[in-house]
Amino acid sequence: MTERTKTGFQDVRDEVLKRIQDRVWGQGDLLPTEQELAEEFGCARATVNRALRELADRGIIDRKRKSGTRVAVLPVKQAKLEITLTRQLVEDRNANYRYALVHREEVPAPGWLSSQLQLAADTPVLHIRAMHYGDNHPFQFEDRWINIAAVPSVTAADFSTVGPNEWLLAEVPFSTAELSFGAIAADAALAEYLACPIAAPLFQMERTTWFQAQPVTFVRMSFHPGYQMRSRY
């Protein structure tokens, strides 16, 4: 008898989300009980509970103690943060977009990346650094790491003319994304790339994306001084 792979809460979460996206369960539909889902997935009820909590926190399902769990009829109103092409950000400002590849290298994942993405030690990754310009003025410096196991075709991709963000959005679906924002002081390298003084305040965004619990890419994007991010809700 073969040993069954242990089902994690991410597996349950992603499958429930997939069924909602595929309209197996439509808006307002009642989901099976936690016990029924636990029996279906062969896992503990606590595992199902954690998966459903995450979906509820994202406004995808509504959970009520006595009436059960239903697919949300109307999405929770919240900030809408989309994965937007840098090209589009530049062109939306009525500027001419230009991309330049700075560095490309296949390397073992450094320790901090392995820890952050929960990768095995020395997992092969593709490291890319690139510049994005608007009217030939520095707009964004991109420092990206791609998990080759998640996207094997990336090793043959040509990033000399098309940026990795555009390529990934066209080639690889993602099911989950995590974003963080912050203000940093430009170090010597960023100051050179973004044509600003050392220690100039910069807006920086970090984004990690997964597909069905497998990490796909981590990117750190540093924007020119004065950049402002806009969100709709």
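Residues numbered from 1 in each chain as written. Predicted model: local features only at pLDDT ≥ 70, side-chain atom pairs only at ≥ 80, totals over all residues. Heavy atoms only, no water.

## Digging into the domain arrangement of the chain
Link 1 in the chain: Examined at the domain level, the chain breaks down into domain 1 (9-71) and domain 2 (86-223).
Link 2 in the chain: The C-alpha centroid of domain 2 is placed 33 Å from the C-alpha centroid of domain 1.
Link 3 in the chain: Contacts between the two partners involve five residues from domain 1 and, on the opposite side, four residues from domain 2.
Link 4 in the chain: Between domain 1 and domain 2, roughly 330 Å² of surface is buried when both sides are summed, and carbon and sulfur atoms account for 45% of that area.
Link 5 in the chain: Between the two partners, domain 1 and domain 2, sit zero salt bridges.
Link 6 in the chain: Where domain 1 meets domain 2, there are one residue pair in polar contact (both at pLDDT 80 or more). (Domains from an automatic or database assignment. Contact = heavy atoms within 4.5 Å. Buried area = accessible area lost by both parts, 1.4 Å probe. Salt bridge = Lys/Arg side-chain N within 4 Å of Asp/Glu carboxyl O. Polar contact = N/O pair within 3.5 Å; in protein donor to acceptor, adjacent residues only side chain to side chain.)

## With respect to the sheet that holds strand β4 (residues 124-134)
Backbone hydrogen bonds hold the strands of a sheet together, and the pairing may be parallel or antiparallel.
Link 1 in the chain: One open sheet accounts for six strands, arranged β3-β4-β5-β8-β7-β6; its pairing is antiparallel. Of all strands in the sheet, those with a lone pairing partner are β3 (97-108) and β6 (176-185), marking the two edges. When strand polarity is set aside, the average angle formed by the axes of neighbouring strands in this sheet is 15 degrees.
Link 2 in the chain: Inspection of the sheet shows strand β7 (residues 201-211) paired to strand β8 (residues 214-223) by eight bridges, in the antiparallel sense. (Pairing = 2+ DSSP bridges. Helix = DSSP H or I, 4+ residues; strand = E, 2+ residues; numbered from the N terminus. Axes fitted to C-alpha atoms, helices over the stretch in contact; angles between N-to-C directions.)

## Examining the confidence of the model for the chain
Link 1 in the chain: Within the chain, residue pLDDT values average 89, and 92% of them lie at 70 or more.
Link 2 in the chain: This model gives residues 76-80 a pLDDT under 50, and the stretch forms ten contacts once residues within four places in sequence are excluded. (pLDDT = per-residue confidence, 0-100.)

## Overview of the packing of helix α1 (residues 9-21) against helix α3 (residues 45-57)
Each pair of packed helices can be summarised by the angle the axes make with each other and by the distance between the axes.
Link 1 in the chain: It is at 8 Å that the axes of α1 and α3 come closest, and there the two elements cross at 50 degrees. On the basis of their axis angle, the class for α1 and α3 is oblique. As for the relative orientation of α1 and α3, their crossing is right-handed in sense. Of the residues in α3, those touching α1 at F9, V12, R13, V16 and L17 are T47, V48, R50, A51, L52, E54 and L55. (Parallel < 35°, antiparallel > 145°, perpendicular 65-115°, else oblique. Left-handed = near helix turned anticlockwise from the far one by under 90°.)

## Comments concerning the side chain of E34
Link 1 in the chain: Mapping E34 onto the fold places it in helix α2 (residues 34-41).
Link 2 in the chain: Looking at E34, its side chain comes within polar contact range of the side chain of N49, at 2.9 Å.
Link 3 in the chain: Residues contacting E34, with those up to four places away along its chain left out, are R45, V48, N49, L52 and R63.

## Points about the nonpolar core
Link 1 in the chain: In this structure, V151, V154, F159, W167 and F223 are the most contacted members of the largest nonpolar core, which totals 25 residues.
Link 2 in the chain: At the level of secondary structure, the elements contributing two or more residues to this core comprise α4 (86-91), β3, β4, β5 (137-147), α6 (164-171), β7 and β8.
Link 3 in the chain: It is β8 that contributes the most residues to this core, four residues altogether.
Link 4 in the chain: Excluding residues within four positions of it along the chain, V154 makes contact with R104, L126, I146, I148, F159 and W167. (Core = buried A, V, L, I, M, F, W, Y, C linked by side-chain atoms within 4.5 Å. Buried < 20%, exposed > 50% of the residue type's maximum accessible area, 1.4 Å probe, protein only.)

## With respect to unusual backbone geometry
Link 1 in the chain: The phi dihedral of D135 falls on the positive side, at around 50 degrees, and the residue is not glycine.
Link 2 in the chain: Mapped onto the fold, D135 is located in the loop between β4 and β5.
Link 3 in the chain: A positive phi angle, near 55 degrees, is found at A195, a position not held by glycine.
Link 4 in the chain: If you trace the backbone, A195 turns up in the loop between α7 (188-193) and β7.
Link 5 in the chain: A residue is classified by how much of its surface remains accessible, and A195, at 62% relative accessible area, is exposed.

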